[in-house]
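Fold and contact review
So you can see what is in the structure, the chains are spelled out below.
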Amino acid sequence: MNRKSSPLILVTVAMFVAIGVVISPIFRVEGFAPTAHFVNVVCSVLLGPWYSLLNAILTAIIRMSLFSVPPLALTGQVFGAVLSGILYRLFNGSILACVLGEIIGTGIIGAIASYPVMALLLGKTGITWLFYVPSFLVATIIGGVLAYFFLVTLRQTGLLYKMQKRLGINVYDSSKKKA
């Protein structure tokens, strides 16, 4: 990243946070926030794992503050945000790897991490370690599939490459990759 792109990156993160906060209550079913996972994947591809993590934390905190969303907003976003960005880079720009990182990170790791938060810290009774896995998996698959098609379309038109280059992050040449 160069110094010139720093303000653009901060504005882009702010845009992702705003999108995540605004659209999450519109397309949310209790225990499901597929738009959060869509935003995580797109942010991971455009900005990388650490800015995606920042986006997930800020979005979750704002959603919890404004909409009385439980701490699941935080545990249900952060692991997928980081893992999707790491796998995207590890697999040299594979959008599929990025989506799988979101699904594994949130659908499995985040869901399991939600148990102690809800059971021990908030006293929710009658749940097990795997209680949140089904709903988290469904939400991440929906959001991940939407993000996959969105990003593949951007890649096919050449816009993904241009956006990444403009942001000054790792760029993966779209002419050498399918998805």
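Further up the page is the structure itself.
This structure is a prediction, so every number in the text was calculated from the model and none was measured.

**Things to note about the packing of helix α1 (residues 6-23) against helix α3 (residues 49-67)**
- With their axes 9 Å apart at the nearest point, α1 and α3 run at an angle of 40° to one another. Taken together, the axes of α1 and α3 lie oblique to each other. Considering how the two elements wind past one another, α1 and α3 form a crossing that is right-handed. Between α1 and α3, the residues in contact are I9, V13, F16, V17, G20 and V21 and Y51, L54, N55, L58, T59, I62, R63, L66 and F67, respectively.
- Grouping the constituent residues of the contact of α1 with α3 by class yields 11 nonpolar, 3 polar and 1 charged.

**Points about the nonpolar core**
- Within the largest apolar cluster, 25 residues are counted, with the highest numbers of intra-cluster contacts made by F16, L46, L47, I95, L151 and L160.
- Of all the elements in the fold, those that place two or more residues in this core are α1, α2 (34-47), α6 (95-121), α7 (133-157) and α8 (159-167).
- At 7 residues, the largest contribution of residues to this core is made by α2.
- Discounting chain neighbours no more than four positions away, the residues touching L46 are F16, L160, M163, Q164, L167 and I169.
- A111, Y115, I127 and Y132 belong to the second largest nonpolar core, which has 9 residues in total.

What counts as what
- Residues numbered from 1 in each chain as written.
- Predicted model: local features only at pLDDT ≥ 70, side-chain atom pairs only at ≥ 80, totals over all residues.
- Heavy atoms only, no water.
- Axes fitted to C-alpha atoms, helices over the stretch in contact; angles between N-to-C directions.
- Helix = DSSP H or I, 4+ residues; strand = E, 2+ residues; numbered from the N terminus.
- Parallel < 35°, antiparallel > 145°, perpendicular 65-115°, else oblique.
- Left-handed = near helix turned anticlockwise from the far one by under 90°.
- Contact = heavy atoms within 4.5 Å.
- Nonpolar A, V, L, I, M, F, W, Y, C, P; charged D, E, K, R; others polar.
- Core = buried A, V, L, I, M, F, W, Y, C linked by side-chain atoms within 4.5 Å.
- Buried < 20%, exposed > 50% of the residue type's maximum accessible area, 1.4 Å probe, protein only.

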